[in-house]
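Reading the structure
Below, each chain spelled out in residue letters.
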Amino acid sequence: LEPVPGIEGAGALHVRGPNVMKGYVLHDRPGVLQPPQSIGDGWYATGDIVSIDADDFIHVRGRVKRFAKIAGEMVSLEVVEQIAARAAPAFQHAASTRTDPARGEAIVLVTTATDLTRERLGAAARELGSPDLAVARLVLHVNAIPLLGTGKTDYVRIRQWAEAGEAA
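Every chain is numbered on its own, with residues counted from 1 as its sequence reads. In view of the model being predicted, local features appear only for residues whose pLDDT reaches at least 70, and side-chain atom pairs are presented and counted only at 80 or more, with totals across whole chains, interfaces and linings using the full set of residues. Excluded from the side-chain calculation are hydrogens and water; included are all heavy atoms of the structure.

Okay, the overall build of the chain next. Under the DSSP-based scheme used, a helix requires at least four consecutive residues in state H or I and a strand at least two consecutive residues in state E, with every element numbered from the N terminus. When helices and strands are counted, the chain shows three helices and 11 strands. What you see in the chain, going N to C, is helices and strands ordered as β-β-β-β-β-β-β-β-α-β-β-α-β-α. With the C-alpha coordinates aligned to their principal axes, the bounding extent of the chain is approximately 50 × 40 × 35 Å. For the area figures, the Shrake-Rupley method with a 1.4 Å probe applies, and any residue is considered shielded solely by the protein chains shown. When the accessible surface of the chain is split by element, carbon and sulfur atoms take 53% of a total near 10100 Å². His residues and chain termini do not enter the charge count, which takes Lys and Arg as positive and Asp and Glu as negative. Lys charges are placed at NZ, Arg charges at CZ, Asp charges at CG and Glu charges at CD. A gap of 3 Å separates the mean positions of the 18 positive and 20 negative side-chain charges of the chain.

Detection works on a 1 Å grid of protein atoms alone, calling trapped sets that fit a 1.4 Å probe cavities and calling open sets with protein on both sides within 12 Å along at least five of seven lines pockets, with lining residues defined by an atom within 4 Å of a point. Grid points are joined across faces, edges and corners, and a volume is the space filled by probe spheres set on the points. Counted as a void, the largest pocket has a volume near 230 Å³. Surrounding the largest pocket, 13 residues form its lining, Arg61, Phe67, Met74, Val75 and Ser76 being those nearest its centre. The biggest single contributor to the lining of the largest pocket is strand E8 (residues 73-76), with four residues. Of the voids in this model, the second largest pocket is the one considered here, and its volume is about 170 Å³. We call Asp, Glu, Lys and Arg charged. Ala, Val, Leu, Ile, Met, Phe, Trp, Tyr, Cys and Pro are nonpolar, and the rest, Gly among them, are polar. Its residues assigned to classes, the lining of the second largest pocket shows five nonpolar, two polar and four charged.

As structure tokens, this is what we get:
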């Protein structure tokens, strides 16, 4: 596990072994197998944030890309979405980030709950015992959360909306 600043008791998972892929064929060197080297030769970065319990069971806590770094603290965007679900359970929510010059990143919540406010999100965060940092700075109200062809949330479009500060 590689420590991640701002995340206590967990880290970024790297793996290697005979059952892990041998490498990548990348566009910059076609036909050349390039071994993974995330933290050294043969190590593959999974992109998962995990903790390991006393019985050596691995618990996935989230994905590296699904965390925001706010003033040096790591905040799970899944927790942001859980807060929104507590505040407005009958609606859909998706969290992303946008650049914030003072704090690094700011959390943006895209939601179909037209009356959802930061105050309601703050109350839900307190109920869940979540930190104030996990309350979205900006709430964008939309008619529908964009989906990919697979039915999963289109986080690329959500991120574009977050950076723009408005839904298209």
